[in-house]
Amino acid sequence: MKIGIYGGTFDPPHLGHMEAARAALEQMNLDRLIIIPDCEPPHKDLVEDAATPQQRLEMVALMADGLGPRAEASDLEIRREGKSYTADTVEELHEQFPEDELWLLMGTDMFLTVQNWYQPERIFQYAGVAAFARSEEDSEELFEEQSKYLAETFHAQTTVVRLPQVTEIASRDLRRMLASEWTGGNVDPAQYLWPPVYGYILREGLFGTKADLKHLSDKHLRAISYSMVKAKRLPHIQGTEKTAVELAKFWGVDPEKARRAAILHDCTKYWELEPQVATCDKYGIPLDELERISVKFLHSKTGAALAKHVFGEPDDVYDAIFCHTTGKPGMNTFEKILYLADYMEPSRDFDGVEEMRRLVYEDLDQAMIMGLEMTIEELKEKGAVVHRNTQGTLDELRRRVR
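Residues numbered from 1 in each chain as written. Predicted model: local features only at pLDDT ≥ 70, side-chain atom pairs only at ≥ 80, totals over all residues. Heavy atoms only, no water.

Some details on the overall build of the protein chain
Okay, step 1: When helices and strands are tallied, the protein chain shows 19 helices and six strands.
Okay, step 2: When the backbone C-alpha atoms are referred to their principal axes, the protein chain occupies close to 85 × 50 × 40 Å.
Okay, step 3: Relative to its 402 residues, the protein chain shows a buried fraction of 51%.
Okay, step 4: Taking contacts inside the protein chain between residues at least 6 apart in sequence as the whole, the part at least 24 apart equals 69%.
Okay, step 5: For the protein chain, the exposed surface amounts to about 18600 Å²; the carbon and sulfur share of it is 48%.
Okay, step 6: One way to put it: in the protein chain the 47 positive side-chain charges average out to a point 6 Å from where the 70 negative ones average out. (Helix = DSSP H or I, 4+ residues; strand = E, 2+ residues; numbered from the N terminus. Buried < 20%, exposed > 50% of the residue type's maximum accessible area, 1.4 Å probe, protein only. Contact = heavy atoms within 4.5 Å. Areas by Shrake-Rupley, 256 points an atom, 1.4 Å probe, with all protein chains shown as cover. Lys, Arg positive; Asp, Glu negative; His and termini not counted. Charge placed at Lys NZ, Arg CZ, Asp CG, Glu CD.)

Thoughts on the sheet that holds strand β4 (residues 101-106)
Think of a sheet as strands paired side by side through backbone hydrogen bonds, with each pair either parallel or antiparallel.
Okay, step 1: An order of β3-β2-β1-β4-β5-β6 is seen for the six strands of this open sheet, with the pairing classed as parallel. If you trace the sheet from one side to the other, it starts and ends with β3 (71-73) and β6 (158-162), each paired once. Averaged over all adjacent pairs, the angle separating strand axes in this sheet is 25°, with direction ignored.
Okay, step 2: The pairing of strand β1 (residues 2-8) with strand β2 (residues 32-37) spans six bridges and is classified as parallel. For Gly8, the partnering residue across the bridge sits in β2 and is Pro37.
Okay, step 3: This element, helix α1 (residues 15-27), spans β1, β2, β4, β5 (128-133) and β6 of the sheet and lies at about 120° to β6.
Okay, step 4: Relative to β4, helix α4 (residues 86-96) is tilted by about 155°, and along the sheet it contacts β1, β2 and β4. (Pairing = 2+ DSSP bridges. Axes fitted to C-alpha atoms, helices over the stretch in contact; angles between N-to-C directions.)

Overview of the packing of helix α9 (residues 195-204) against helix α10 (residues 218-226)
Okay, step 1: Relative to each other, α9 and α10 sit at 100°, their axes nearing to 7 Å. On the basis of the axis angle, α9 is roughly perpendicular to α10. Residue-level contacts link Pro195, Pro196, Tyr198, Gly199, Leu202 and Arg203 of α9 to Lys219, His220, Ala223, Ile224 and Tyr226 of α10.
Okay, step 2: For the contact of α9 with α10, the per-class residue count stands at seven nonpolar, two polar and two charged. (Parallel < 35°, antiparallel > 145°, perpendicular 65-115°, else oblique. Nonpolar A, V, L, I, M, F, W, Y, C, P; charged D, E, K, R; others polar.)

Digging into unusual backbone geometry
Okay, step 1: Following Asp11, the chain continues into Pro12 via a peptide bond in cis, with omega recorded as 5°.
Okay, step 2: Locating Pro12 in the fold gives a position in the loop between β1 and α1.
Okay, step 3: In this structure, Phe10 takes a positive phi of about 55° despite not being glycine.
Okay, step 4: As for its placement among the helices and strands, Phe10 is situated in the loop between β1 and α1.
Okay, step 5: Here the phi dihedral of Glu81 falls at roughly 65°; this positive angle occurs in a residue that is not glycine.
Okay, step 6: Within the secondary structure, Glu81 is located in the loop between α3 (76-80) and α4.
Okay, step 7: For Glu81, a relative accessible area of 56% gives the class exposed.

Observations regarding the packing of aromatic side chains
Okay, step 1: On inspection of all chains with the given rule, the structure shows nine aromatic pairs.
Okay, step 2: Each ring, one from Tyr6 and one from Phe10, has its centre 5.4 Å from the other, and the planes form 90°; the classification is edge-to-face.
Okay, step 3: Every member of this aromatic cluster is reached through a ring pair, and the members are Tyr6, Phe10 and Phe132.
Okay, step 4: Positioned above the aromatic ring of Tyr270, the side-chain terminus of Lys230 is 5.5 Å from the ring centre.
Okay, step 5: A cation over a ring is seen here: Lys308 above Tyr318, with NZ or CZ 5.3 Å from the ring centre. (Phe/Tyr/Trp six-rings, centres within 6.5 Å; stacked < 30°, edge-to-face > 60°. Lys NZ or Arg CZ within 6 Å of the ring centre and 35° of its normal.)

With respect to the environment of Thr375
Okay, step 1: Relative to the helices and strands, Thr375 is located in helix α18 (residues 364-381).
Okay, step 2: For Thr375 and Tyr343, which are 32 residues apart along the polypeptide, the C-alpha to C-alpha distance reads 9.8 Å.
Okay, step 3: Excluding residues within four positions of it along the chain, Thr375 makes contact with Tyr339 and Tyr343.
Okay, step 4: At a separation of 3.3 Å, a polar atom in the side chain of Thr375 contacts the side chain of Tyr343. (Polar contact = N/O pair within 3.5 Å; in protein donor to acceptor, adjacent residues only side chain to side chain.)

Brief notes about helix α8 (residues 171-180)
Okay, step 1: Turning to α8, its buried residues number three or more, namely Leu174, Arg175, Met177 and Leu178. End-on, the buried residues of α8 take up no more than an arc of 160°, which puts them together on one face. Among the exposed residues of α8, those oriented more than 90 degrees off its buried face are Arg172 and Arg176.
Okay, step 2: Those residues of α8 that are buried are in contact with α9. (Arc of directions from axis to C-beta.)

So, the environment of Val385
Okay, step 1: Its location among the elements puts Val385 in the loop between α18 and α19 (388-401).
Okay, step 2: Distance in space between the C-alpha atoms of Val385 and Thr52 is 43 Å, their sequence separation being 333 residues.
Okay, step 3: The contacts of Val385, once residues within four sequence positions are left out, are Leu290, Lys296, Phe297 and Leu379.

Dropping the structure here:
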């Protein structure tokens with residue numbers, strides 16, 4: 001394989017880092033990109049309000065998830081502790097991947113001084129170096145002078161990755177901007193951050209942010225929700241929000257409540273069984289024997305619990321999220337809207353979805369019946385258990401429309 005190694009402090013990782021990583025993946029045709037936050041950078045001291053190594057690793061993991069399946073975060077340097085020397089890292093990765101081609105990614109300034117790093121000969125023994133260049137002038141300087149010097153001195157392999165035109169920002173300036181957002185700053189730090197990373201910063205209260213989780217704007221609630229799920233889930237959440245708002249306006253339901261319910265409806269989708277059950281127990285949500293061993297039934301309940309108890313949403317938002325997966329007998333219009341928006345948002349693609357998208361603006365109950373019937377049929381074909389609320393909701397709606 002051809003493996004890229006991208007290290008740094010990442011305090012925090014921003015869109016400049018993300019676009020550089022994406023450019024390397026595409027231009028170098030990497031099979032794998034390992035992004036490694038350092039534990040203790042050897043060339044500088046961490047600032048007083050720095051995120052912890054674990055928090056920086058979690059932010060990098062969110063960024064890597066947004067880059068696709070070839071990118072991953074590694075705790076190699078954090079696990080090793082102490083000063084994070086690149087020579088140690090590339091040698092350790094060479095031991096893990098002895099048959100693979102390693103490429104160390106770095107910015108222009110670092111490339112021009114890499115010969116002064118700790119044991120540079122070990123770096124070039126195990127890895128080539130790919131330098132990020134923002135312009136043709138950078139490229140010429142890199143190859144004509146520094147690349148020649150490194151080749152002659154260390155037998156180094158070098159290449160260049162040309163960066164797209166992105167707005168540059170230093171991490172220290174971004175940290176100041178994040179803090180000033182809560183004291184009247186007029187520049188939005190979100191424009192420099194991958195939304196899940198921004199949401200993580202708000203959720204953890206990093207860099208002087210002071211988000212009140214029970215009084216969040218739609219923008220901040222959206223970012224925090226996105227930070228709790230995998231990147232592949234974002235188009236679905238965004239589609240559900242759009243569809244829920246449209247349906248709420250059409251059927252006379254508060255569109256802002258529909259929006260916030262949709263934003264939060266899948267926020268615990270990727271939790272394991274143990275925290276799902278623990279959260280239900282914490283907030284007094286009763287579970288039957290099946291639910292205690294079946295994680296697929298729980299994210300609607302725990303998502304509702306977080307919506308109410310952590311994010312301060314009202315009871316009707318709680319109720320809509322609580323039943324958006326299985327349904328329940330006696331659903332009101334708001335609850336049906338979220339259920340159907342989740343089922344037929346624009347990224348969904350299955351036989352009958354266009355008919356459902358037409359029917360939902362004519363008769364909510366008939367649209368519900370259609371969705372419930374398809375769900376039950378699919379579950380039975382898979383040999384899966386049909387939740388009692390799903391069957392009960394269908395039976396009740398059939399009686400109502402007769």
